[in-house]
Structure formats: C-alpha cells, structure tokens
Amino acid sequence: MLDVIDLNIEFHDHLTPETVVYDFDLHLDEGEIVGIVGESGSGKSMSALAIAGLLSRKHMKKRGQILFDGVDLLTCSRNVLRKYQGNDICMVFQEPMTSLNPVKRIGWQVGESLRIHTSLSEEQIKEKVLKILKDVELDDPEGVYDKYPHELSGGMRQRVMIAAALVCDPKILIADEPTTALDVTVQAQIIRLLKRINKKTGTAILFISHDLSVVRKLCGRVLVMYQGRIVESGDVNEVFDSPKEDYTKRLISAIPKMEKLKYEQ
Amino acid sequence: MKKRFMKNRRLFIGAVITGIMVLLAVAGVFFTPYDPNAMDTSAKLAGISLKHLMGCDNFGRDILSRILSGLGTTMLVALGTVFIGVFFGTIIGAFTGYYGGIPDEVLMRFNDAVLAFPSLLLALVFISVMGAGKLNVTIALGILFIPSYARIMRGEFLRCKNLDYVRSARLMGASDIRIMFVHILPNTVQVMLSTIAIGFNNAVLAEAGMSYLGIGVQPPDSSLGRMLSEAQSYLFIRPGYAVCTGTAIVLLILGFAMLSEGLEKNA
Ligand SMILES: Nc1ncnc2c1ncn2[C@@H]1O[C@H](COP(=O)(O)OP(=O)(O)OP(=O)(O)O)[C@@H](O)[C@H]1O
Ligand SMILES: [Mg+2]
C-alpha cells in the first residue's frame, strides 16, 4: 500500500545543504504495525513528516519516491496530496498540549477531516464524531464534544488527537512518539488503544518511539535508524533477540535493568 | 465570564461610557431637541438655559442637537474607517504572513513607506483628489489605516502558522484559505479587538482633525471636529460651545480607550 523508495531529505535553509535522511526505504501493508526506533535526531520525525506530506517544498529537497497506492506523494500536485491527507494518511504528534486549536471546541476539531473530505451534513458529522470519541475510550464523549482543549488532560487530548486522525477511517496512521509526553499508565492505555484500533479497523500504523519495550509489544516489524540511515530492519523479535548491527546491540543494551526485566517477560 | 467582566473595572467603565455614547448617537438619529440645522437668529450664541441645554452657536443652532447628530456622523465615519482598515488589513496580513516570501517583503516595504508619511498629509492628498464629504473621508482614512492593520495581522499569522494545531489542520487536508480564515483567524480575535478599539480612537481623532481643517465632513452634516473648529472663534465669548463639543470627543475616546485596555487585560 505504501512504498517509500530511496527517500533522501536535504535541508536548504542554511548556506550549506544538510542531509538529514539517507536512502530511507519502507514498505507498509494494510493492517500492519511497523515501528521506527533510533536515538534523538536520527531522522525519525523527518521521515514521518515527509510521508505525511508536511515538509515544506521550499526549504527542502527530497529525492526518491513515496508511493501511496501507486501515486507518488512527492511529485503529485498539492490538491492531489490534500485529498490523501486526513482521509487516507493521518498523523498524531508527540505533543498533545499544542496540537489542538485553543479556540475551537473538541467536537468541531475532530469533525474537521469529515468536513473537508466528505459532504456529510453537520448532524451526520456530529454522530460520527461522537462515535469515534467513544471508540477512543473517552469516558464522557458528549461532555468532551463541547469542551475546549484547555479543559482536558494530556491523556484525553492525545485520545482526541487519535480520534481526529481516525475519524475518516484512514489507511495509515503515523504516530510520532504519541506517548512520550504522557505518564506511564496513560501511555500503556494509549498503546493498547492503538493496538485495538488496528485490529478492529485494519488501519496500518507507523509507530515512532524511543521505547523499545513498547515497540516490541506493539509492532510486527521494526526499522532501526541511526544518523539518518536505516541500519537494520525486520521482524521485531528477530531484530531485538539477535541484532546484527552494532548500533542495535548498543541500543538494546542501553535499556535500563528494570525496564529489561519488564521487557523480557 | 460575567464575574471577570465586573472585576475588570477599566473594561466595565469603558463599556458603560461607550454604551452611553452609542445610545446618544442612535438617539440623535431619531430625536434631537431641535432640528440640528435650524437657525434661530434670535438665539445667536445664546448661553446655557433650560431652552437650550448647551446654548446655541453663531447661527443660533442648538448645540446639544448638533452634538447628538454630530456624534452619529463621527462614529459612522470612525466605524467605516475601522471596517475598511480591518477588512483589507486582515486579508493582506493573512496572505503575507502565511505565505511569506517575496510578495510579503515587497508589500511590507511598501507598508513602511506609507506608514512613514504623516497620515493627515496623505489624507489631504486623497481628499484633494476625490473631494471632501463624509463618504470620501471614510474611504481615505480607511485606506490609510490598512497598512498598520496589515502589519499587526501579518504578525499574528506569522506567529500562528508554525504552531502544531495549524500543522494538524494541514495534515487533515485543509486548504490554505481554510487554514487561514477558519483555523488561524479566530485565534487572532483578541489582538484584533484591541487594535480595533485603538483604531477607532485614531479614526475619531483623524476625522475631527480633518473636519477641523475644513476638509472633512461638509455642511449640512454636523461632526464633532467641525463644531470644534467653529467653536474656536467664540472661545472667549462662549467657552461652553468648545467645552461641550470637546467633552463629547474626549468621552468618546476615553470610553473606547478604556474598553480596549480592559480587553487587553482580560486576554
Ligand atoms: N530546519 C532544520 N534545518 C536543518 N536541520 C534540521 C532542521 N530540522 C531538523 N533538522 C535535523 O534533522 C535531524 C533529524 O531530526 P528528527 O526530528 O527527524 O529527529 P528524531 O529522530 O525525530 O528525534 P527525536 O527522537 O528527538 O524526536 C536532526 O539531526 C536535526 O538536527
Ligand atoms: Mg521526533
């Protein structure tokens, strides 16, 4: 469904062009969950943003292809790209605090994709929004619908973000460290939620994280990135149990002891 | 919300004063004690009396009636000015701030150039080309106000365009126009309101200034600035004329200034 081939991302907003992602390759099938791990600054977010079509075309040179159902998202027109954004490809960001518009009600924001991509009436949109708010396991969907973002907790906002991303039944959900800003219990709930959604709707998930134990629990395949390159990829268990690359070994040995116990269970 | 409104004294007083002035102006449209343009030669420069609460001017016209109707003219000109300035300023600011690049640079430098001129001088040029009168003054002042609004709105759009929620909107496939006017614009309301209030005051003053110079509102329309300039000649014989007119201008501006400061504090 999604094929990223030899993606290179180069920044051109400084005097010397700076490449931050080299030869990124990715294949994502329907219903798959693929993880991307790697240290901070290794280019995980940049690759994700490129796939989501969010990197400005002015300051960046991107080489390679991002094929979604055969259409190259890098070279297609803005209008074609916009048709996929929000409808087929969605993304949840790391920071749930700032990702919602402070002056709009939650219900409105969650329904925005529907307003853009479908011709449903406001009542139909409301119905769908309430349903999706319930699907992401918010306690009081009707109450949340009329609230403003500052009235919600971080965990609730992240659920709202996920709801907003999923409301159009996208084929791909990109989650860029969706749980980093949340505490551990909420983190676990969100992960479980993602897994359940994946099972139920068949939405493929590209899951970016530093947290290897989470990636192991959630993902089927994993890519390990280091300094802008994919150094290793394959089945999660294979990669984590018998890492071939030096960097992956170091990454795994860097998990603190307590974590390791948890992760070996 | 109501409690906060009451606690903010400045906002409260400003709202009360402005409310009264608006009421008076509206009342002035339907009812004035006398016809504001009716001359009563027997009452030329009459002093304050029960018959004429604020006295009469040099033609024997009732000053209270003229202030009531002049208030309306002045407010209409000011509102029109603000509307033109905000409407076009917002559109220009939205596009330049959101897109940036060369058009932004060019427009903003042009803006700087316009802002560098004393605005009254530019207004003079406009008027000498288009002719005086209520409508032309409004248009001239409105156009003059566009650059400063455009600048402020540009700053707001520049600030907002890189925020996460705008990125989310883009990710949902929202078009640029939709992002600008549905997602970003409501976030600029606070700033917009307080600049509107300040702009309204500037417009009142500018209209008064132009009418004072005789290039603004033309007779038979009355305007506060025009009355003030007429009152000048009788400052020593009938100080009440200038004082009453001046007080009306001061109250109008004071109310709005307090309103805007209150709004800013409430932000
Ligand atoms: N505007 C920019 N100009 C030049 N380089 C940039 C720019 N923005 C980001 N980079 C570089 O891109 C590289 C990849 O960043 P990216 O955000 O993808 O890292 P990441 O793997 O997501 O890290 P983290 O785990 O901390 O989120 C970084 O080395 C960063 O310095
Ligand atoms: Mg990142």
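Data block above holds the structure.
Predicted model, so just to flag it, every value in this text is computed and none were measured.

Q: Account for the overall build of chain A, with residues named and values stated.
A: Helices and strands together make up the secondary structure of chain A, namely 11 helices and 10 strands. Over its C-alpha trace chain A gives a radius of gyration of 19 Å, about what one expects of a compact globule, namely 18 Å for 265 residues. Going through the 265 residues of chain A one by one, you find that 52% of them count as buried. If you sum the accessible surface of chain A, you get close to 12400 Å²; carbon and sulfur atoms cover 50% of it.

Q: Could you give an account of the overall build of chain B, naming the residues involved and the relevant values?
A: Of regular secondary structure, chain B possesses 11 helices and zero strands. Sequence-ordered secondary structure for chain B, helices as α and strands as β, is α-α-α-α-α-α-α-α-α-α-α. Across its three principal axes, chain B shows a C-alpha extent of roughly 75 × 50 × 30 Å. A burial count over chain B gives 51% of its 267 residues as buried. Within chain B, contacts between residues separated by at least 24 positions form 70% of all contacts whose residues are at least 6 apart in sequence. Looking at chain B as shown, the accessible area adds up to about 12900 Å², and 72% of this sits on carbon and sulfur atoms. Positive and negative side-chain charges in chain B, numbering 22 and 15 respectively, have mean positions lying 8 Å apart.

Q: Give me the lowdown on the packing of helix α3 (residues 63-99) of chain B against helix α10 (residues 224-232) of chain B, citing residues and values where you can.
A: All names here are of chain B. One way to put it is that α3 packs onto α10 with a least axis distance of 8 Å and a crossing angle of 140°. What the angle tells us is that α3 and α10 run oblique. Contact residues: α3 offers I63, R66, I67, G70, L71 and T74, while α10 offers L224, M227 and E230.

Q: Help me get a handle on the interface of chain A and chain B, residues and values and all.
A: With 29 residues of chain A in contact, the opposing surface of chain B contributes 17 residues. When the two sides are added together, the surface that chain A and chain B hide from each other amounts to roughly 1900 Å², 56% of it contributed by carbon and sulfur. Applying the counting rule to chain A against chain B returns two salt bridges. A salt bridge links B:R178 to A:E112, with the nearest nitrogen and oxygen atoms 2.6 Å apart. Mapped onto the side of chain A that touches chain B, the elements with two or more residues apiece are α1 (44-52), α2 (78-84), β6 (89-92), α3 (106-117) and α6 (154-166) of chain A. Broken down by element, the residue count for the side of chain A that touches chain B peaks at seven residues, all from α3(A). Of the residues contributing to the side of chain A that touches chain B, the split by class is 14 nonpolar, eight polar and seven charged.

Q: How would you summarise the packing of aromatic side chains if you had to cite specific residues and measurements?
A: How two aromatic rings sit relative to each other is given by the distance of their centres and the angle of their planes. Within this structure, the stated rule accounts for nine aromatic pairs over all chains. Arranged with centres 4.1 Å apart and planes meeting at 25°, the rings of A:Y226 and A:Y247 form a pair that is stacked. Residue A:Y226 is found in strand β9 (residues 221-226), and its partner A:Y247 is found in helix α10 (residues 246-253); the two are separated by 21 residues along the sequence. Relative to B:Y99, the ring of B:F95 has its centre 6.0 Å away and its plane inclined at 25°; by these criteria the two rings are stacked. In this pair, B:F95 and B:Y99 are both assigned in helix α3, four residues apart and thus about one turn of the helix distant. A cation over an aromatic ring shows up here: A:K104 above the ring of A:W108, its NZ or CZ 4.3 Å from the ring centre. A cation over an aromatic ring shows up here: A:R229 above the ring of A:Y22, its NZ or CZ 4.1 Å from the ring centre.

Q: Lay out helix α6 (residues 134-161) of chain B in plain terms, naming residues and giving numbers.
A: Given a rise of 1.5 Å per residue, 28 residues ought to cover 40 Å, and the 39 Å separating the end C-alpha atoms of α6(B) matches this to within 8%. Considering bend angle alone, the principal kink of α6(B) is centred on B:I146 and spans about 30°; proline B:P147 follows within four residues of it.

Q: Could you give me a rundown of the pairing of strand β1 (residues 2-11) of chain A, with the residues and numbers involved?
A: All names here are of chain A. When you tally the buried positions in β1, you get seven out of 10 residues, the bulk of the element. Both β1 and strand β2 (residues 18-28) contribute to a ladder of seven bridges, which runs antiparallel. Among the inter-strand pairings, F11 is bridged to a residue of β2, identified as E18. Linkage of β1 to β2, two consecutive antiparallel strands, is achieved through a turn of six residues. In the sheet, β1 pairs with strand β4 (residues 60-68) via eight bridges, with the strands oriented antiparallel. Paired with I9 across the strands is K62, a residue of β4.

Rules used throughout
Residues numbered from 1 in each chain as written. Chains lettered and ligands numbered in written order. Predicted model: local features only at pLDDT ≥ 70, side-chain atom pairs only at ≥ 80, totals over all residues. Heavy atoms only, no water. Helix = DSSP H or I, 4+ residues; strand = E, 2+ residues; numbered from the N terminus. Rg over C-alpha atoms; globule rule 2.2 N^0.38 Å. Buried < 20%, exposed > 50% of the residue type's maximum accessible area, 1.4 Å probe, protein only. Areas by Shrake-Rupley, 256 points an atom, 1.4 Å probe, with all protein chains shown as cover. Contact = heavy atoms within 4.5 Å. Lys, Arg positive; Asp, Glu negative; His and termini not counted. Charge placed at Lys NZ, Arg CZ, Asp CG, Glu CD. Axes fitted to C-alpha atoms, helices over the stretch in contact; angles between N-to-C directions. Parallel < 35°, antiparallel > 145°, perpendicular 65-115°, else oblique. Buried area = accessible area lost by both parts, 1.4 Å probe. Salt bridge = Lys/Arg side-chain N within 4 Å of Asp/Glu carboxyl O. Nonpolar A, V, L, I, M, F, W, Y, C, P; charged D, E, K, R; others polar. Phe/Tyr/Trp six-rings, centres within 6.5 Å; stacked < 30°, edge-to-face > 60°. Lys NZ or Arg CZ within 6 Å of the ring centre and 35° of its normal. Expected span 1.5 Å × (residues − 1). Bend = angle between axes of the 7 residues up to and from the residue. Pairing = 2+ DSSP bridges.

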